[in-house]
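# Topology and contacts: notes
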Amino acid sequence: MPEIRYYEAVSQALAEEMTRDPRVFVLGEDVGLVGGTFRATEGLMAEFGARRVRDTPIAEAGIIGVAMGAAMTGLRPVAELMTLNFGIVAMDQIINHVSKARYMFGGQAQLPLVIRAAAGGGTQKGAQHSHSIESWFVNAPGIRVVMPSTPYDLKGLLKTAIRSEDPVLFIEHEMLYNSKGEVPDGEVLLPFGVADVKRAGRDVTIVAWSKMVHEALRAAELLAHEGIEAEVIDLRTLDPLDRDTILRSVLRTRRAVVAEEGWRTVGVGAEIASQIHEALFYELEAPVQRVAAADVPTPYAANLEKLALPDAQRIVEAVLKITL
Amino acid sequence: MTIAAADQITMYRNMVLIRRFEEGVAEAYADGFIGGFTHLYIGQEAVATGAITALNHDDYAIGTYRVHAHALVRGSTARSLMAELYGRATGVCKGKGGSMHFFDAQHYFLGGYGIVGGNLPIGVGVALSMQMQSRDAVVMNFFGDGASNQGVFHEALNMAKLWNLPVIFVCENNFYGIGTDVRTSSSFNEIHKKAQGYGIPGHVVNGMDVLAVREKCEELVRFARQGGGPVLLEARCYRYQGHSMTDAGKYRSVAEAELWKKRDPIPRLAKSMLEAGIVDAARLEAVQAEANEVVTDAMRFAEASPWPAPEALYQDVYAEDASA
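Residues numbered from 1 in each chain as written. Chains lettered and ligands numbered in written order. Predicted model: local features only at pLDDT ≥ 70, side-chain atom pairs only at ≥ 80, totals over all residues. Heavy atoms only, no water.

## A few points about the overall build of chain B
For the record, the criterion: Helix and strand assignments come from DSSP, with helices taken as H or I runs of at least 4 residues and strands as E runs of at least 2, each series counted from the N terminus. Radius of gyration here uses only the C-alpha atoms, and the compact-globule reference equals 2.2 Å multiplied by the residue count raised to the power 0.38. The criterion used for residue contact is that any of the two residues' heavy atoms lie within 4.5 Å. Each accessible area is a Shrake-Rupley result for a 1.4 Å probe, and residues are judged covered by the shown protein chains and nothing else. For the purpose of charge, His is not counted, nor are the chain termini; Lys and Arg are scored as positive and Asp and Glu as negative. To locate a charge, the coordinates of NZ of Lys, CZ of Arg, CG of Asp or CD of Glu are taken.
Of regular secondary structure, chain B possesses 12 helices and 7 strands. Compactness check: chain B gives a C-alpha radius of gyration of 19 Å against a globular reference of 20 Å for 324 residues, within 12% of the reference. The dimensions of chain B, computed from C-alpha atoms along their principal axes, are 55 × 50 × 40 Å. Restricting the contact set of chain B to residue pairs at least 6 apart, pairs at least 24 apart contribute 74%. As displayed, chain B offers around 12500 Å² of accessible surface, 52% of which is attributable to carbon and sulfur atoms. Computed over 29 positive and 36 negative side-chain charges, the inter-centroid distance for chain B is 4 Å.

What follows is the structure, encoded as structure tokens:
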């Protein structure tokens, strides 16, 4: 299988879906001529033209509104927000309009719409460009939230997202764009709501998504030296959430750590930990641990940023707290 | 005047029906059958009527939270709209939308949005969709004077002109954004001229004169349909009631309201049709009686209609849980 980079998996998926379905088109800031700030839409304008790979003004709410109108009337837009920070500018359109329309119009509005955005910290971009705010969107019903950790997952999930009849927020991680992985040429389709066990283990379950999957895998390596076998579950989609895979694993390991890059307070980890406690309280050997970002705006200084964001070492510490 | 007699009678029927419908809504609201925010359209009948009757059946209309009239003129039945206001399963959105969220796919009416200005980029997206699919349809995008101060107003106009889209922005300038006078809220309150900042032709019309609105809209619809790009029409009008059912409108003087009521669009059209010999008094009375009957029937229908079944609670959040 050929190895490609995470950003190349985006353009592969988009190109294949645009070829397959003439209703699919891409719009966003710098997606066309520039090929995307993260190179994710490179080559698409040359292949499909400026009509279907449409450069837009810097107007995030407008971009999402336009995509919604197009989706409601027969097209399948893939809107890029460049980074999820700018999604906050478009929050009214995403939450008040896109995620609610099908329900509040009694099922009459069809919204096959994908919103792509890069997120995550770790590159010293300061407080306004380091967001991991997936919990804000998972909290809102009506929009799917997908966060792939590998090129393979990205391609398979993005193609599924484009074919989905629901609006999908597709969150890519800035620090993963250059990561490599094996991806077969041609059709890869991964279902939503199916987590992937990235490493099997018997002693503790680590639940993660996006970049934290890689931190969890590093943590599992370190723990293996201590004789602790950690199972790493990559959720891949947060909405829908694969509750069964989480609970099945924890029922076996009887210990769990949830690792996320988002803020700890009211994060997705809090929800998952609570669900595990509700379902498996009497099966657990220890309380579920949460690893998350410090509840501060992400600082610029390299040492402080490192302190603010969770990593493999933190996951190791959390695991040791409930296994020793 | 170039508008055919039959069209004039149709417009008269529409305006009388809107007036009677809104009076019925006020009664039902007072009687506790209708909840939430409910914004009446009494006084502005000439705008929705003159504008929307200039559209083809497969053109689109999209609007704000004050859209009872727009849906009626588009062709939604009084029964389906009244039942929606009563929150019943027979409502146009199955009771999930309410007053601010009418939507009728069958009649190319795309909502009904409760956030000021929120519909503007969505309507632009619909127009983009028409252009990309080489469809002949245009989009009529309604908004109020207050929305012209929202960021998305500017984003929407900019993109519409940038891509030369077939959208007719119709500003219903009733001079008040909720309770704030346009002179207090808008640094420049000749709203039709705001379009010029985007290279979009802006027009102004007497929104209390349905024939003038219709004539102007026929011209603008033709312009947009023939590839002329976006246009903006400011229709100056007045709402007789407060902003919503819970607003007594005390921020306006009695004298001001009386002045506008003298310009009432319904007797104005009646008088001109009588003078032109298009109708006689008996015909006008018959139209009034018919509207009474339609609205009384709609209220009876709504009251007798069932509430949504409990299982509707979880229907239509996502495509897969579609209702029957």
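The structure having been displayed, the exposition proceeds.
## Topic: the packing of helix 3 (residues 60-72) of chain A against helix 5 (residues 119-132) of chain B
Which entries qualify depends on this criterion: Here an angle of 0 to 180 degrees is reported between the N-to-C directions of two axes, which are lines fitted to C-alpha atoms, with helices fitted over the stretch in contact. Each angle receives one of four descriptions, namely roughly parallel if under 35 degrees, roughly antiparallel if over 145, roughly perpendicular if within 65 to 115, and oblique otherwise. Take the far helix as the reference: if the near one is turned anticlockwise from it by less than a right angle, the crossing is left-handed, and if turned clockwise, right-handed. Charged means Asp, Glu, Lys or Arg here, nonpolar means Ala, Val, Leu, Ile, Met, Phe, Trp, Tyr, Cys or Pro, and polar covers whatever is left, Gly included.
Interhelical geometry of helix 3 of chain A versus helix 5 of chain B gives an angle of 50 degrees and a closest axis separation of 6 Å. If you check the angle between helix 3 of chain A and helix 5 of chain B, you find them oblique. Crossing angle aside, the handedness with which helix 3 of chain A passes helix 5 of chain B is right-handed. Contacts between helix 3 of chain A and helix 5 of chain B pair Ala61, Gly62, Gly65, Val66, Met68, Gly69, Ala70 and Met72 of chain A from the former with Pro121, Ile122, Val124, Gly125, Val126, Leu128 and Ser129 of chain B from the latter. When its residues are assigned to classes, the contact of helix 3 of chain A with helix 5 of chain B shows 10 nonpolar, 5 polar and no charged.

## Examining the sheet that holds strand 2 (residues 139-144) of chain B
All names here are of chain B. Which entries qualify depends on this criterion: Pairing between strands is defined by DSSP: at least two bridges between them are needed.
Taken in spatial order, the 5 strands make up an open sheet running 1-2-3-7-6, and their pairing is parallel. The open sheet is flanked by strand 1 (60-62) and strand 6 (202-206), the only strands paired with a single partner. Strand-to-strand, the axes of this sheet are offset by a mean angle of 20 degrees, without reference to chain direction. Bridge analysis of strand 6 against strand 7 (residues 231-236) gives 5 bridges, and the strand direction is parallel. Among the inter-strand pairings, glycine 202 is bridged to a residue of strand 7, identified as leucine 232.

## Concerning the sheet that holds strand 2 (residues 24-28) of chain A
Sheets are built from strands paired through backbone hydrogen bonds, the pairs being either parallel or antiparallel. All names here are of chain A. Spatially, 7 strands are ordered 3-2-4-5-7-6-12 in an open sheet, and the strand pairing comes out mixed. Among the strands making up the open sheet, the edge pair consists of strand 3 (53-55) and strand 12 (237-239). On average, each strand axis in the sheet is inclined to that of its neighbour by 20 degrees, with strand direction left out of account. Two strands pair when backbone bridges link them, and strand 4 (residues 76-83) and strand 5 (residues 114-119) are joined in this way by 4 bridges, in the parallel orientation. In the strand pairing of strand 5, glutamate 80 is matched with arginine 116.

## Quick notes on the packing of helix 10 (residues 243-253) of chain A against helix 11 (residues 268-280) of chain A
All names here are of chain A. Two elements in contact, helix 10 and helix 11, have axes separated by 11 Å at closest approach and are oriented at 60 degrees. Relative to helix 11, the element helix 10 lies oblique. Crossing geometry of helix 10 relative to helix 11 is assigned as right-handed. Here Arg243, Ile246, Leu247, Val250 and Leu251 of helix 10 lie close against helix 11, whose contacting residues are Ile272, Gln275, Ile276, Ala279 and Leu280. Of the residues contributing to the contact of helix 10 with helix 11, the split by class is 8 nonpolar, 1 polar and 1 charged.

## Topic: the pattern of salt bridges
Definition in use: Note on definitions: salt bridges are taken to be side-chain nitrogens of Lys or Arg within 4 Å of carboxyl oxygens of Asp or Glu.
A complete count under the given rule lists 43 salt bridges over all chains for this structure. Linking glutamate 23 of chain B and arginine 20 of chain B is a salt bridge whose minimum nitrogen-to-oxygen distance equals 3.4 Å. Residue glutamate 23 of chain B and its partner arginine 20 of chain B are located together in helix 1 (residues 5-30), separated by 3 residues, close to a single helical turn. Taken together, the salt bridges that share partners define one network made up of Glu16, Glu17, Arg20, Lys155, Lys159, Arg163 and Glu187 of chain A.

## Thoughts on the interface of chain B and chain A
Formally: What gets called buried area is simply the loss in accessible area from a 1.4 Å probe that two parts show on being joined, summed for both. Polar contacts, as used here, are pairs of N or O atoms within 3.5 Å; protein pairs need one atom able to donate a hydrogen and one able to accept it. Residues neighboring in sequence count only if both atoms are side-chain atoms.
Listed per partner, the contact involves 46 residues of chain B and 40 residues of chain A. For the pair chain B and chain A, the summed buried surface comes to about 3300 Å²; carbon and sulfur atoms form 66% of the total. For the interface between chain B and chain A, the tally reads 1 salt bridge. Scanning the region where chain B abuts chain A turns up 19 residue pairs in polar contact (both at pLDDT 80 or more). Elements that contribute at least two residues to the side of chain B that touches chain A include exactly helix 5 and helix 6 (151-162) of chain B. Counting residues per element, the side of chain B that touches chain A draws most heavily on helix 5 of chain B, which supplies 11 residues.

## Comments concerning the side chain of asparagine 174 of chain B
As for its position among the elements, asparagine 174 of chain B is in the loop between strand 3 (167-173) and strand 4 (176-177). Not counting chain neighbours up to four residues away, the residues in contact with asparagine 174 of chain B comprise Gln44, Arg66, Asp145, Cys237, Tyr238 and Arg239 of chain B.

## Some thoughts on the packing of aromatic side chains
Formally: The criterion for an aromatic pair is that two Phe, Tyr or Trp rings (for Trp, the six-membered ring) have centres within 6.5 Å, with stacked assigned to planes under 30 degrees apart, edge-to-face to planes over 60 apart and tilted to the rest. In this scheme, a residue with accessible area under 20% of its type's maximum is buried, one over 50% is exposed, and one in between is partly exposed, where area comes from a 1.4 Å probe on protein chains only. By definition here, charges over rings are those cases where NZ of Lys or CZ of Arg is within 6 Å of the ring centre and within 35 degrees of the ring normal.
By the definition in use, this model includes 11 aromatic pairs over all chains. Arranged with centres 5.6 Å apart and planes meeting at 70 degrees, the rings of tyrosine 6 of chain A and tyrosine 177 of chain A form a pair that is edge-to-face. You can see tyrosine 6 of chain A sitting in helix 1 (residues 6-20) and its partner tyrosine 177 of chain A sitting in the loop between strand 7 (168-173) and strand 8 (180-182), a full 171 residues away along the chain. Each member of the pair tyrosine 6 of chain A and tyrosine 177 of chain A is classed as buried. Each ring, one from phenylalanine 105 of chain A and one from tyrosine 113 of chain B, has its centre 5.5 Å from the other, and the planes form 90 degrees; the classification is edge-to-face. Here phenylalanine 105 of chain A, found in the loop between helix 6 (101-104) and strand 5, pairs with tyrosine 113 of chain B, found in the loop between helix 4 (78-85) and helix 5, and the two come from separate chains. Owing to a relative accessible area of 0%, phenylalanine 105 of chain A belongs among the buried residues under this scheme. An aromatic cluster is defined as three or more aromatic residues linked by ring pairs; in this entry it consists of Tyr6, Phe38 and Tyr177 of chain A. The ring of tyrosine 103 of chain A carries the charged tip of lysine 96 of chain B above its face, separated from the ring centre by 4.1 Å.

## Let's talk about the confidence of the model for chain B
As a reminder, the rule being used: Confidence of the predictor in every single residue is expressed as pLDDT, which spans 0 to 100.
Residue-level pLDDT values for chain B average 96, and 99% of them are 70 or greater. Two summary scores accompany this predicted model of the complex, namely pTM at 0.96 and ipTM at 0.95.

## Concerning the environment of serine 179 of chain A
All names here are of chain A. Considering the arrangement of structural elements, one finds serine 179 in the loop between strand 7 and strand 8. On the basis of relative accessibility, which here comes to 21%, the residue serine 179 falls in the partly exposed class. Separated by 173 residues in the primary sequence, serine 179 and tyrosine 6 place their C-alpha atoms 5.7 Å from one another. Beyond its immediate chain neighbours, meaning those up to four positions away, serine 179 contacts Ile4, Arg5, Tyr6 and Pro151. Polar side-chain contacts of serine 179 include one of 2.6 Å to the backbone oxygen of leucine 176.

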